Amino acid sequence: MKFPYSEKVLEHFRNPHNVGNIENPDGKGLEGSQACGDMVAVYIKVNPETKVIEDIKFESYGCASNIATASVITDLARGKTLDEAKKITWKLASEELGGLPPIKAHCSVLAVEGLRSAIRDYEEKHGLVIEKEITTEEVVRSKLKHVMNPLTGLDIIRTNLILKTSIEDGVVRVVVDLPADHQFASAIKEDITEKLGSLWDVKRINVVFTA
Amino acid sequence: MDERVLEAMTPYFFDTYAVATSEFGYSIGIESKEGLERARESIISKLEASSGEVIFTSGDTESSNTVLKGIAWALKEKKGKHIIVSKIEDFSVLNTAKALQKQGFDVTFLDVDAEGFVDIEGLRKAITKETVLVSIQHGNQEIGTVQDLKVISEICEEKDVFLHTDATHSFTRLPLSVKELPIDLITMSAHTIHGPKGIGALFIRKDTQINKFMDGGFQEFNLRAGVENIPGAIGFGKAVELVNEEEIRHLKAMRDRVIDKSLSEIPDVTLNGNRNKRLPQNANLTFHYVEGESIILHMDMKGFAVSTGSACFSRSLESSHVIRGIGGDHERAHGSVRFTFGRYNHMGDADAAIDAMSEIVARLREISPLGRK
């Protein structure tokens, strides 16, 4: 049989590691993509002294690459300190899995975000977060680095898909260098709206296509 | 593909390999032409059409493009620039309509109800003096819903508007007679009935005003330029002849088994489409709390080929427009699975598929954050 995934991905998909939930977790993150409908929940137990992740579990309502990435990322995070675990990226997970199809970046990046949001949840509960940051163009651009360009599997900033961003009175405007009827236009738009919508001081998001 | 189809086609690759010629041509070309006409006759008689009313194309996409563009271009000055299509048409109709929209045509995308039936009153109201074409499919490619073409064709006849129906998934499997129904254009394809890929057909009722879509030679009654795909046409003709009533009953029985078993043996399952007014070969169900691409991959590993409306599976990363068209949300599309049956399936396959589904869905639900009771 011919599958679009590496043996490693298939192995994690067939027998995912760290599946399930943790009762009374120290931190938990639930990330969902409006664009594709996938969801990942990540639960962590953290040693209060050393800040080491002692237990980690995930649940997935997603496709094969979503499940496989969550499986490998929870393996990677186990036994690491929160600060170390924050550095786990989608790219690292993808390398660990022997590569993922670019179009799948989108669903698999959710697992990384789930881990980060579980860590953030822990930090918020334990008073480890600093003041809320005001959204600037720079913040917008860093958020957009988490939106994938399905054509390449790299983010839309790095692939120069974003021509212009601006923010004024809580309204963000993003100009995307794609025609509005492009195959991926609506998926990218939903993704951008979702990523920027989570910023506390953003009221509206206008995604504009060039043609 | 059916082996008998290949057998019928083979001589037209080798012995009778010539391009079809007019009756004044060389004999091998005349033989090719005769084969082509016999194949055409199979389709004509199935539809109860008249000679000269069926042309061969490269498939359903070309047939639908020919209709939408051909009628729009032919009538834009004479009558108007308005076209009506349903929201759940195949992309070959939907995206052609959108392309015409860009060229300045006015397109109405008709709503469908929760089972996929087009809004009949909505259709009646949508037709104006400017309307040149209504395009509503026969059986839906994903959820199998079969439209009431009798009522739809009567409305179009009464309002004097051309009606096209995309019968790619229903042709030969459901009765469709142009003697009984005033349908003006019908799209068909061989690949859905164990015929070869790359060959389709289009019924065009006499006196329908339509422009040529591709320019070139005068083949196919000057409606479709280009050298005819004769082996393909022969294969299509043979495939049409091979469909029989007993086979259709068998398809329906397998379809019903999958639907009934899924609904009774697996919890949290919703049927997509109507229970009875659906294509004989099609079952489509949503297995809640799990994702379709994961299901497909697990099914593939067990030797079953099924399909899904999940965004994760689609080439555009968008969930099925059909499931969204019937009012379903992302979630409904996410876990939707389509089972399609063919001539070579047995009842045992339907049972085995659902046993496999039952196990896969249970496993995936174990790892899903949703649906915990």
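J.: Tell me about the overall build of chain B, and please be specific about residues and values.
T.: Per the secondary structure count, chain B includes 13 helices and eleven strands. For 373 residues, the compact-globule estimate of 2.2 N^0.38 gives 21 Å, and the C-alpha radius of gyration of chain B, at 22 Å, lies within 12% of that figure. Once the C-alpha set of chain B is aligned to its principal axes, its extents read approximately 75 × 50 × 35 Å. Nonlocal contacts in chain B, meaning residues at least 24 apart in sequence, comprise 70% of its contacts between residues at least 6 apart. Separation of charge centres in chain B, based on 44 positive and 55 negative side chains, amounts to 3 Å.

J.: Residues and numbers for the packing of helix α3 (residues 60–75) of chain B against helix α4 (residues 91–102) of chain B, please.
T.: Residue and element names in this part refer to chain B. Between α3 and α4, whose axes approach to 9 Å, the crossing angle comes to 30°. Regarding the angle of α3 to α4, the classification is roughly parallel. In terms of crossing hand, the pair formed by α3 and α4 is right-handed. On the side of α3, the interface is formed by Asp 60, Thr 61, Ser 64, Asn 65, Leu 68, Lys 69, Ala 72 and Trp 73, while α4 contributes Ser 92, Val 93, Thr 96, Ala 97 and Leu 100. Per-class residue counts for the contact of α3 with α4 are six nonpolar, five polar and two charged.

J.: Describe helix α8 (residues 230–242) of chain B, listing the residues and the values that go with them.
T.: All names here are of chain B. A rise of 1.5 Å per residue sets the reference length of α8, with its 13 residues, at 18 Å; its end C-alpha atoms lie 18 Å apart and thus fit the reference within 8%. Most of α8 sits out of view: eleven of its 13 residues are buried. Listed as buried for α8 are Ile 230, Pro 231, Gly 232, Ala 233, Ile 234, Gly 235, Phe 236, Gly 237, Ala 239, Val 240 and Leu 242. Looking at the packing, one finds that the buried side of α8 touches α1 (3–9), α2 (27–47), β1 (54–57), β6 (185–189), β7 (200–204) and α9 (245–265).

J.: I'd love a proper account of the packing of aromatic side chains, names of residues and values included.
T.: All names here are of chain B. Enumeration according to the criterion identifies three aromatic pairs over all chains in this entry. For the ring pair Phe 171 and Phe 236, a centre distance of 6.2 Å and an interplane angle of 85° mean the geometry is edge-to-face. Of the two residues, Phe 171 sits in the loop between β5 (162–166) and β6 while Phe 236 sits in helix α8, which places them 65 residues apart along the sequence. Like Phe 171, the residue Phe 236 is buried in the burial classification. These aromatic residues form a ring-pair network of at least three members: Phe 56, Phe 171 and Phe 236.

J.: Give me the lowdown on the pattern of salt bridges, citing residues and values where you can.
T.: Tallied over the full model, the rule gives 30 salt bridges over all chains. The partner of Asp 155 of chain A in a salt bridge is Arg 158 of chain A, and the shortest N-O contact between them spans 3.5 Å. Taking the relative accessible area as the measure of exposure, Arg 158 of chain A reaches 53% and is therefore exposed. We note a salt bridge from Asp 184 of chain B to Arg 205 of chain B, for which the minimum N-O separation is 4.0 Å. Here Asp 184 of chain B is found in the loop between β5 and β6, whereas its partner Arg 205 of chain B is found in the loop between β7 and α7 (219–222), with 21 residues between them in sequence. Using a relative accessible area of 12% as the deciding quantity, one classes Asp 184 of chain B as buried. By relative accessible area, Arg 205 of chain B is classed as partly exposed at 23%.

J.: Before we move on, could you go through the sheet that holds strand β10 (residues 307–308) of chain B and cite the residues and values that matter?
T.: Residues and elements named next belong to chain B. Spatial ordering of the open sheet is given by β8-β9-β11-β10, a layout of four strands whose pairing is antiparallel. Of all the strands in the sheet, just β8 (269–271) and β10 have a single pairing partner and so form its edges. Note: β8 against strand β9 (residues 282–287), three bridges, orientation antiparallel. From the neighbouring strand, Leu 271 faces β9, where its bridge partner is Leu 285.

J.: Describe the domain arrangement of chain A, naming the residues involved and giving the relevant values.
T.: Residue and element names in this part refer to chain A. Examined at the domain level, chain A breaks down into domain 1 (7–125) and domain 2 (137–209). Contact with domain 1, which involves twelve residues of that partner, is made by twelve residues of domain 2. Between domain 1 and domain 2, a total of about 1000 Å² is buried, with carbon and sulfur atoms accounting for 58% of that surface. Linking Glu 113 and Lys 195 is a salt bridge whose minimum nitrogen-to-oxygen distance equals 3.9 Å. Linking domain 1 to domain 2 there are zero residue pairs in polar contact (both at pLDDT 80 or more).

Definitions and cut-offs
Residues numbered from 1 in each chain as written. Chains lettered and ligands numbered in written order. Predicted model: local features only at pLDDT ≥ 70, side-chain atom pairs only at ≥ 80, totals over all residues. Heavy atoms only, no water. Helix = DSSP H or I, 4+ residues; strand = E, 2+ residues; numbered from the N terminus. Rg over C-alpha atoms; globule rule 2.2 N^0.38 Å. Contact = heavy atoms within 4.5 Å. Lys, Arg positive; Asp, Glu negative; His and termini not counted. Charge placed at Lys NZ, Arg CZ, Asp CG, Glu CD. Axes fitted to C-alpha atoms, helices over the stretch in contact; angles between N-to-C directions. Parallel < 35°, antiparallel > 145°, perpendicular 65-115°, else oblique. Left-handed = near helix turned anticlockwise from the far one by under 90°. Nonpolar A, V, L, I, M, F, W, Y, C, P; charged D, E, K, R; others polar. Expected span 1.5 Å × (residues − 1). Buried < 20%, exposed > 50% of the residue type's maximum accessible area, 1.4 Å probe, protein only. Phe/Tyr/Trp six-rings, centres within 6.5 Å; stacked < 30°, edge-to-face > 60°. Salt bridge = Lys/Arg side-chain N within 4 Å of Asp/Glu carboxyl O. Pairing = 2+ DSSP bridges. Domains from an automatic or database assignment. Buried area = accessible area lost by both parts, 1.4 Å probe. Polar contact = N/O pair within 3.5 Å; in protein donor to acceptor, adjacent residues only side chain to side chain.

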